[in-house]
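# Residue-level structural notes
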Amino acid sequence: MQFDELKKLYDLPFFDLIQRSRKVHEANWPENEVQLCTLLSIKTGGCSEDCSYCAQSARYTTTVEAERLMEKDEVMERAQHALDNGSTRFCMGAAWKGVRDGTKRFDQVLDIVESVSELGMEVCTTLGELGEIEAQKLKEAGVTAYNHNIDTSPEHYKNIVSTHTFQDRLNTLRHVQDAGMAVCSGGILGLGETTDDRIKMLEILSNFNPQPESVPINSLVPIPGTPMAESQGVDSFEVVRMIAIARIAIPNAKVRLSAGRKQMSEELQTLCFFAGANSIFYGDKLLTTGNPQSQADLNLLEKLGLEPQKPNRGKDSPEAEDTRPREPALA
Ligand code: SAM
Ligand code: DTB
Ligand code: SF4
């Protein structure tokens, strides 16, 4: 969808907007299910990049200490636990600028992925920049989806990060798609962006070919010590509007209500589910910050008559439409 159409939707009266997004949601996701995805930080802190929201950048003094890459046995224990608790997707994150083929740490990650993928969950990784070869090797090792957020509009990105560019992010996403992995890409609300920046971000995501399989919508968790520490929280209704236009613009995606849920009321999360969110991070920790308790999430889903999503739907990457340009569009 194009910017003007998205803006018109975003500016509709609230009930008109969520009624529309609800219809799209029901047509594409009639099952009343929410996917549970567990995150694990397999390499925490000490990152060379300067993303101004991030607890893991080595440039800021936060409470997060740099750690080594986790041993495979420990990752396997955590993955098995996630599976036993009902997660159908397991996402492993590393605080790296990126990975390079031929390095010891990349070999270790491939080895971890091979073992985790044998458990049968969707396997997602988020390791920073990838080239073509790295993407192919991750796919071969069993990664089903790769998370790499564009985070905001290209114009605003420069104000948030200086150590890599928006185009670098798009290049990695191209390599992910070419290797046949599903793209998980979304953004953060609360980085001092305008509404137009948010809409621009969605415009770009919706013009990917194929469209992303998953779109995380994070609300900034302000981290003391980072430049965004004092950033103002996002208005609840703006979060719902964003979820609604994501659902309309990218109807087949899992729209993932991501960071920031701990600060949200159950009622707000419910509105987000109504408007089109159908996936959450599940387990009491995100990467370095907190998340609601698992039991609280299960209780909420039960109260709403929603069920954890059955395994495997959307495991494969959506097919590209041949008629559309192959480049991720920078509109
Ligand atoms: N280093 C990799 C990268 O940058 O893609 C992977 C890990 S990074 C922590 C994954 C995503 O988490 C970021 O792109 C951002 O959208 C989100 N994120 C990080 N810190 C956050 C925060 N404080 N609040 C909300 N979202 C955050
Ligand atoms: C995404 O979009 N959000 C997740 C996941 N993808 C990797 C990460 C959220 C991180 C929140 C801050 C933290 O815990 O450090
Ligand atoms: Fe590093 Fe990723 Fe954090 Fe940026 S968001 S500082 S690349 S871990």
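Quick note: structure is the one above.
A brief look at the structure comes next. (Residues numbered from 1 in each chain as written. Chains lettered and ligands numbered in written order. Predicted model: local features only at pLDDT ≥ 70, side-chain atom pairs only at ≥ 80, totals over all residues. Heavy atoms only, no water.)

### A look at the environment of Val-75
When you line up the elements, Val-75 lands in helix α3 (residues 72-84). Not counting chain neighbours up to four residues away, the residues in contact with Val-75 comprise Leu-40, Ile-42, Met-70, Phe-90, Met-92, Ile-112 and Val-116. (Helix = DSSP H or I, 4+ residues; strand = E, 2+ residues; numbered from the N terminus. Contact = heavy atoms within 4.5 Å.)

### What about the pattern of salt bridges?
The final tally for this structure, using the stated rule, is 17 salt bridges. Put simply, Lys-137 and Asp-101 hold a salt bridge, and the shortest N to O gap is 3.1 Å. With Lys-137 in helix α5 (residues 132-141) and Asp-101 in the loop between β2 (89-94) and α4 (104-117), this residue pair connects regions lying 36 residues apart in the sequence. Look at Asp-101 and you get partly exposed, because its relative accessible area is 29%. Of the charged contacts, one joins Glu-266 and Lys-303 as a salt bridge, the two residues approaching to 2.8 Å between their closest N and O atoms. Of this pair, Glu-266 sits in helix α10 (residues 266-275) while Lys-303 sits in helix α11 (residues 294-304); the two residues are 37 residues apart in sequence, bridging distant segments of the chain. Its relative accessible area of 61% is what places Lys-303 among the exposed residues. Connected through shared salt-bridge partners, Arg-89, Glu-122, Glu-213 and Lys-254 make up one network. (Salt bridge = Lys/Arg side-chain N within 4 Å of Asp/Glu carboxyl O. Buried < 20%, exposed > 50% of the residue type's maximum accessible area, 1.4 Å probe, protein only.)

### As for the site of ligand 1
Thr-126, Asn-149, Asp-151, Arg-169 and Val-221 are the nearest of the 17 residues found near ligand 1. Contacts to ligand 1 include Asp-151, whose side-chain N or O atom sits 2.7 Å from an oxygen atom. Within the side chain of Arg-169, an N or O atom sits 3.0 Å from an oxygen atom of ligand 1. Relative to its unbound accessible surface of 560 Å², ligand 1 loses 89% to contact with the protein. Looking at the shell around ligand 1 residue by residue, the classes come out as nine nonpolar, six polar and two charged. (Near = heavy atom within 4 Å. Polar contact = N/O pair within 3.5 Å; in protein donor to acceptor, adjacent residues only side chain to side chain. Areas by Shrake-Rupley, 256 points an atom, 1.4 Å probe, with all protein chains shown as cover. Nonpolar A, V, L, I, M, F, W, Y, C, P; charged D, E, K, R; others polar.)

### Thoughts on the packing of aromatic side chains
All told, the structure shown has three aromatic pairs when counted by the stated rule. Note on Tyr-157 and Phe-166: the rings are 5.6 Å apart at their centroids and 75° apart in plane angle, and the pair reads as edge-to-face. Tyr-157 gets classed as buried once you look at its relative accessible area, which sits at 2%. Given a relative accessible area of 6%, Phe-166 falls into the buried group. Site record: aromatic cluster; members linked through ring pairs are Phe-14, Phe-15 and Phe-237. We note Arg-22 situated over the ring of Phe-274; from NZ or CZ to the ring centre the distance is 4.8 Å. (Phe/Tyr/Trp six-rings, centres within 6.5 Å; stacked < 30°, edge-to-face > 60°. Lys NZ or Arg CZ within 6 Å of the ring centre and 35° of its normal.)

### Details of the side chain of Ser-153
Along the polypeptide, Ser-153 turns up in the loop between β4 (145-147) and α6 (154-160). In this structure Ser-153 comes out as buried when scored by relative accessible area, which is 0%. Within the local environment of Ser-153, its side chain forms a polar contact with the backbone nitrogen of His-156, the two atoms lying 3.1 Å apart. When sequence neighbours within four positions are dropped, the list of residues in contact with Ser-153 reads Phe-166, Asp-197, Lys-200 and Met-201.

### Notes on the pairing of strand β8 (residues 254-257)
Every second residue of β8 is oriented toward a common face, with Lys-254 and Arg-256 on one face and Val-255 and Leu-257 on the other, all of them buried. In the sheet, strand β7 (residues 214-219) pairs with β8 via four bridges, with the strands oriented parallel. When the sheet's bridge partners are listed, Pro-216 is paired in β8 with Arg-256. Judged from the two bridges that link them, β8 and strand β9 (residues 279-281) form a sheet pairing that is parallel. Among the inter-strand pairings, Leu-257 is bridged to a residue of β9, identified as Ile-280. On the question of chirality, the crossover connecting β8 to the parallel β9 by way of α10 is right-handed. (Pairing = 2+ DSSP bridges. Right-handed = clockwise from strand over helix to strand, strands pointing away.)

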